Amino acid sequence: MKPSATNAPLPKVFSREAANPPYKLPPPLFDARCRACWFTVALLMLVIASFVSLDLDWAAFASLEAGRSMYRFLAEFFPPDLSPKFLNKVVSAASETLAMSALGTVMAALLGLALAVPASRMSKQDSAWLRSPTRWLLNALRAIPELVWAALLLISAGLGPMAGTLALALHTSGVLGRLFAEAMENIPKGPGDALRIQGVGPLRVFAYATLPQVLPQLMSYTLYRWENNIRAAAVLGVVGAGGLGQLLSFNMGLFLMNKTATILGAMLLMVACVDALSFSLRRWLNR
Amino acid sequence: MNIELSGLQARHPSASAHAPAALQGISLQLGVGEQVAIIGPSGAGKTTLLQVLACAQRPTHGEFRLGGQDPWRFSTSELRCLRGRLFLAPQVPPLPPRQRVVTSVLAGRLPAMSLAASLRSLFYPTNIPAAYEALNHFDLSDKLFDRVDRLSGGERQRVGLARALLSPASLWLIDEPLSALDPMRARLAMTALVGLAHERKITMVATLHQVDMALTHFNRIIGLQKGQIVFDLPSAQVTRERLANLYEHHEHELDSDTLQPESDQDQAVPTPVVMHCR
Amino acid sequence: MSTPNSSQANLVFGGKFRDPAFSSRLFWLSVAILLLWPLTVATEFRPWVLWEPDNRKVTRDFLASFWPLVHDAEFMRLVARETWRTVAMATAGVTLALVLAIPMCLMAARVLSLSALSGRMDRWPALLRWCVRATLIVLRSIPELVWALVFVRVVGLGPTAGVLAIALTYGGMLGKVYAEILESGESHSTHTLMRNGSGRLQALVYALLPSHAAELASYTVYRWECAIRSSVVLGFVGAGGLGQQLDNSMKMFNGGEVATLLLVFIVLVAMADAVSTWLRRALS
């Protein structure tokens with residue numbers, strides 16, 4: 001309400017108005033017209049429905065009896081088995097896991113790059129008719145977790161780390177392919193356009209303009225995925241793909257908890273080393 | 001390569017339908033080996049004209065011939081062949097930041113290299129002496145193996161110009177080659193470009209904001225204003241009044257010295273005035 | 001191209017035109033190739049094995065059994081139920097992970113340190129923060145499958161083990177990233193509030209959350225999508241859901257069921273991805 005422009009005294013009705021006229025009150029907590037309100041309600045209902053429908057066994061991990069059995073269970077882990085013979089086995093399994101993750105990530109980077117090229121639109125004149133089908137392929141590769149890929153590939157490749165390597169390569173190529181394609185679409189178009197105006201073909205434009213701009217980002221993404229892949233590689237053995245996972249499920253199945261503790265320790269150590277290595281490599285590349 | 005434009009009209013690619021065309025009724029003839037400078041205020045359509053000449057943008061109306069033929073009637077491979085014979089140097093140097101200067105400069109030669117040679121050149125640059133020569137013309141030969149993002153803005157602009165020297169083009173289209181260069185380097189670059197274009201009989205079209213440089217180095221000046229050619233004269237006939245008319249509402253783009261009437265008619269060389277355009 | 005004059009001739013022979021980066025590139029390339037060989041040996045990487053006649057036959061039979069897809073009503077009801085269980089497991093897991101992550105990230109964030117307002121942080125607060133960070137890193141480093149294997153022994157088969165495994169691993173992940181998000185950006189407003197006497201929680205709510213809420217929510221939604229995929233993986237060790245069904249069908253070599261389950265799973269992930277992208281765009 002605009003203040004009165006005239007010099008007439010304010011009408012008496014104003015002195016009886018509330019200090020906070022209705023339109024100045026804070027908005028209601030739930031407004032039927034507000035999309036975010038409906039969304040929050042839906043979220044709350046999803047969470048409550050999840051807990052209710054899953055029929056979780058709260059007693060199993062909240063009661064005193066559960067606490068005692070947990071304590072007894074954890075006590076079996078100590079002391080970890082550090083005999084040289086077993087440590088040898090653990091070290092060789094760990095190196096197998098490390099090799100699986102490294103080779104799988106490298107293969108995924110190459111395959112991802114090969115798929116990212118048709119999956120991205122290089123320039124405004126690019127028809128990019130392969131973009132949608134390739135993106136669907138990348139989404140399918142990415143959606144299926146590594147463990148499921150490993151279980152599927154075991155049928156053809158047999159037991160052993162090769163199935164694990166291929167599984168890591170296939171899943172990670174979906175992830176990296178999508179990341180690479182997005183990176184390639186987001187670079188400045190100037191260098192590529194200048195070469196295209198000169199009539200240079202798409203392969204050479206890619207090599208001289210796109211790749212130099214995008215390579216540090218690609219390597220950074222690949223190294224970051226390696227951190228994730230070492231964790232995945234460590235557990236692929238649970239379905240039979242070799243490495244620490246196979247040793248772990250074997251010893252756990254036989255309830256040899258001391259040996260399991262050593263394996264878990266080795267897993268932690270390897271993950272920490274790879275994380276540190278990946279971090280320092282990424283920093284060195286982007287100096 | 002000679003150029004013929006007749007009644008050309010072109011729109012800016014992202015312009016709305018109601019906006020006036022970027023170029024209206026442009027008619028122009030350039031013979032082989034001729035060098036021309038295009039001057040005009042910002043927004044006159046200079047860059048659009050260069051884009052049309054480089055076959056990067058299709059004109060909406062009018063006739064456009066390069067080397068006597070309409071490039072937009074060519075097949076894809078013929079057009080690609082034609083593109084190899086022209087070179088456009090944009091105002092912002094199109095250099096990937098982490099690439100080395102030697103590779104960036106040698107990339108100008110790509111239309112003349114085979115696929116195998118181009119890919120091999122990525123691992124070991126094939127013609128380093130040629131790159132050195134080209135950079136030497138712009139006083140940059142010591143930066144041969146440096147990374148592009150470690151150069152200053154002016155150095156990057158000169159690398160973009162050095163690319164032209166290596167390209168197999170017979171038509172050079174240069175957009176604002178001096179915008180980031182100080183007067184001494186600007187003179188050096190302009191002399192090098194014009195001299196080499198003369199030597200190799202290359203047709204050159206350059207857009208400039210530095211009117212004095214244009215008058216000094218080019219024999220023919222074209223004035224563009226609001227998408228239309230205002231004058232197309234030998235540089236001796238470009239008078240102060242014409243320049244003032246051209247830059248009518250953009251006087252700040254011309255230094256005030258240029259607008260004052262000449263007091264001394266006998267002065268052979270006009271004192272160079274630094275134009276602050278942006 | 002003009003020939004180089006005599007004063008420059010010695011440059012050609014003097015090696016000025018040698019590419020200085022070539023030797024280091026050659027070195028790194030040889031290192032990479034040399035590293036590749038032991039990797040292929042260690043992983044028993046022999047891709048030609050896939051082409052052996054026996055393996056080819058097995059693969060062909062398995063792939064052929066994918067068609068026709070099994071889509072009778074009873075199986076589809078089962079699939080729908082298991083899909084809901086997978087989503088519920090992921091949601092419950094992420095919710096519990098939030099319960100774990102939020103207090104820990106507040107304890108680990110250096111930006112909320114009162115002692116650091118005036119110079120260096122005191123010894124005990126720094127030690128506490130370091131311990132909390134180390135805990136988060138350890139929680140994050142153990143793959144959830146390992147947690148699930150352990151919990152299946154303790155609480156038995158079923159979704160409880162899966163929910164707990166996701167809660168612990170994702171709690172570590174979320175806590176660490178939340179702490180990093182809170183510490184990024186400028187801390188001027190937070191520190192000003194704390195200097196003028198407000199409590200840490202008040203500074204959090206009035207200064208940190210308004211600037212970082214969108215990023216925090218966006219990362220949580222992304223992790224929820226990852227949790228759905230994790231819960232399928234956990235099904236392989238007995239936590240129920242689509243993963244367990246997939247394991248059963250694969251063990252029985254029932255290609256039709258496997259294909260249906262895979263398709264359902266791909267569609268589920270695509271939908272979760274779409275929801276996640278929409279949410280993230282709405283938040284930023």
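Residues numbered from 1 in each chain as written. Chains lettered and ligands numbered in written order. Predicted model: local features only at pLDDT ≥ 70, side-chain atom pairs only at ≥ 80, totals over all residues.

Draft legend 1. View of the overall build of chain B. Helix and strand content of chain B: ten helices and nine strands. In terms of overall dimensions, chain B is globule-like: its C-alpha atoms have a radius of gyration of 19 Å, near the 19 Å expected for 278 residues. Considered along the principal axes of its C-alpha atoms, chain B spans approximately 55 × 45 × 35 Å. By residue count, 42% of the 278 residues in chain B fall in the buried class. Considering only residue pairs separated by 6 or more positions, chain B has 68% of its internal contacts joining residues 24 or more positions apart. (Helix = DSSP H or I, 4+ residues; strand = E, 2+ residues; numbered from the N terminus. Rg over C-alpha atoms; globule rule 2.2 N^0.38 Å. Buried ≥ 20, exposed ≤ 12 C-beta atoms within 10 Å, placed from the backbone. Contact = placed C-beta atoms within 7 Å.)

Draft legend 2. Layout of helix 9 (residues 190-197) of chain A. Of all the positions in helix 9 of chain A, only A:Pro191, A:Gly192, A:Ala194, A:Leu195 and A:Arg196 are classed as buried. Looking at the buried residues of helix 9 of chain A, the elements they touch are helix 10 (202-236) of chain A together with strand 5 (86-89) of chain B. With its phi angle positive at about 85°, A:Gly199 sits one or two positions after the end of helix 9 of chain A.

Draft legend 3. Quick look at the sheet that holds strand 6 (residues 171-175) of chain B. Residues and elements named next belong to chain B. Reading across the sheet, the six strands line up as 5-6-7-3-8-9 and stay open at both edges, with mixed pairing between neighbours. Every other strand in the sheet has two partners, leaving strand 5 and strand 9 (228-234) as the edge strands with one partner each. Put simply, the sheet's adjacent strands are angled 15° from each other on average, direction ignored. The sheet contact formed by strand 8 (residues 220-225) and strand 9 spans six bridges and is antiparallel. Across the sheet, residue Gln 225 finds its bridge partner in strand 9, namely Gln 228. (Pairing = 2+ DSSP bridges. Axes fitted to C-alpha atoms, helices over the stretch in contact; angles between N-to-C directions.)

Draft legend 4. Broad picture of helix 11 (residues 255-283) of chain C. The first and last C-alpha atoms of helix 11 of chain C sit 41 Å apart over 29 residues, in line with the 42 Å expected at 1.5 Å per residue. Taken residue by residue, helix 11 of chain C has C:Gly255, C:Glu257, C:Val258, C:Thr260, C:Leu261, C:Leu262, C:Phe265, C:Val269 and C:Ala272 as its buried positions. (Expected span 1.5 Å × (residues − 1).)

Draft legend 5. Structural context of the packing of helix 6 (residues 131-143) of chain A against helix 11 of chain C. For the pair helix 6 of chain A and helix 11 of chain C, the least separation of the axes is 9 Å and the interaxial angle reads 105°. What the angle tells us is that helix 6 of chain A and helix 11 of chain C run roughly perpendicular. Each of A:Asn139, A:Ala140 and A:Ala143 in helix 6 of chain A lies in contact with helix 11 of chain C, whose residues at this interface are C:Phe265, C:Ile266, C:Val269 and C:Ala270. (Parallel < 35°, antiparallel > 145°, perpendicular 65-115°, else oblique.)

Draft legend 6. Quick peek at the confidence of the model for chain B. Residue and element names in this part refer to chain B. Averaged over all residues, the pLDDT of chain B is 87; the fraction at 70 or higher stands at 91%. Per-element confidence in chain B is highest for strand 6, whose mean pLDDT is 95, and lowest for helix 10 (residues 256-259), whose mean pLDDT is 44. Note that residues 256-268 has pLDDT below 50 and, in this model, ten contacts with residues that lie over four places away or in other chains. Overall fold confidence for the complex sits at a pTM of 0.84, while the interface term, ipTM, reaches 0.84. (pLDDT = per-residue confidence, 0-100.)

Draft legend 7. Representation of the interface of chain A and chain B within the structure. Each partner contributes to the interface: chain A provides 16 residues, whereas chain B provides 23 residues. At the level of elements, helix 9 and helix 10 of chain A are the ones that each hand at least two residues to the side of chain A that touches chain B. In terms of residue class, the side of chain A that touches chain B is made up of ten nonpolar, four polar and two charged. (Nonpolar A, V, L, I, M, F, W, Y, C, P; charged D, E, K, R; others polar.)

Draft legend 8. Inspection of the interface of chain A and chain C at higher detail. In this assembly, 44 residues from chain A lie in contact with 47 residues from chain C. Among the residues making up the side of chain A that touches chain C, the classes are represented as 33 nonpolar, eight polar and three charged.

Draft legend 9. Molecular detail of unusual backbone geometry. Cis geometry is adopted by the peptide bond preceding A:Pro79, which originates at A:Phe78 and carries an omega value of -5°. Tracing the chain through its elements places A:Pro79 in the loop between helix 4 (64-75) and helix 5 (84-119). With an omega dihedral of 5°, the bond running from C:Trp67 to C:Pro68 counts as a cis peptide bond. Secondary-structure assignment places C:Pro68 in the loop between helix 3 (53-64) and helix 4 (73-108).

Draft legend 10. Structural context of the sheet that holds strand 1 (residues 3-10) of chain B. Residue and element names in this part refer to chain B. Ordered by their spatial adjacency, three strands build an open sheet running 2-1-4, and the pairing between neighbours is antiparallel. Each edge of the open sheet is held by one strand with a lone partner, namely strand 2 (23-30) and strand 4 (61-66). Strand after strand, the sheet turns through a mean of 15° between neighbouring axes, direction not considered. Bridge analysis of strand 1 against strand 2 gives five bridges, and the strand direction is antiparallel. Bridging from a neighbouring strand, Ala 10 pairs with Leu 23 of strand 2.

Draft legend 11. Local environment of the nonpolar core. Ranked by size, the top nonpolar core spans 131 residues in total, and within it A:Ala150, A:Ala167, A:Leu236 and C:Ala148 carry the most contacts. The element that contributes the greatest number of residues to this core is helix 7 (residues 159-183) of chain C, accounting for 14 residues. Excluding residues that lie within four positions of it along the chain, A:Ala150 makes contacts with A:Ala163, A:Gly164, A:Ala167, A:Leu236, A:Val239 and A:Ala241. A:Ala194, B:Ala44, B:Phe138 and B:Leu224 belong to the second-largest nonpolar core, a separate cluster that totals 79 residues. (Core = buried A, V, L, I, M, F, W, Y, C linked by C-beta atoms within 7 Å.)

Draft legend 12. Focus on the environment of C:Val163. Within the secondary structure layout, C:Val163 lies in helix 7. The sequence separation of C:Val163 and C:Thr91 amounts to 72 residues, and the corresponding C-alpha distance is 8.7 Å. If we skip the residues at most four places from it in the chain, C:Val163 touches A:Leu54, A:Leu56, C:Met89, C:Ala92, C:Gly93 and C:Leu96.

Draft legend 13. Expanded view of the packing of helix 6 (residues 153-166) of chain B against helix 7 (residues 183-199) of chain B. Residues and elements named next belong to chain B. The contact between helix 6 and helix 7 brings their axes to 11 Å, and the two run at 5°. Classified by the interaxial angle, the pair formed by helix 6 and helix 7 is roughly parallel. Across the interface between the two elements, Gly 154, Arg 158, Leu 161 and Leu 165 from helix 6 touch Arg 185, Ala 189, Leu 193 and Leu 196 from helix 7. Its residues placed into classes, the contact of helix 6 with helix 7 shows five nonpolar, one polar and two charged.

Draft legend 14. Fine view of the environment of A:Leu166. Residue and element names in this part refer to chain A. Checked against the element boundaries, Leu 166 lands in helix 8 (residues 161-185). C-beta crowding within 10 Å serves as the criterion here: with 27 such atoms nearby, Leu 166 is assigned to the buried category. Sequence separation between Leu 166 and Leu 103 is 63 residues; the distance between their C-alpha atoms is 9.1 Å. Discounting chain neighbours no more than four positions away, the residues touching Leu 166 are Leu 153 and Ala 157.

Draft legend 15. A look at the pairing of strand 5 of chain B. Residues and elements named next belong to chain B. Side chains Leu 86 and Leu 88 of strand 5 all project onto a buried face; the interleaved residues Phe 87 and Ala 89 project onto the opposite face, where all are buried too. When strand 5 meets strand 6, the two strands line up parallel, connected through four bridges. For Phe 87, the partnering residue across the bridge sits in strand 6 and is Trp 172.

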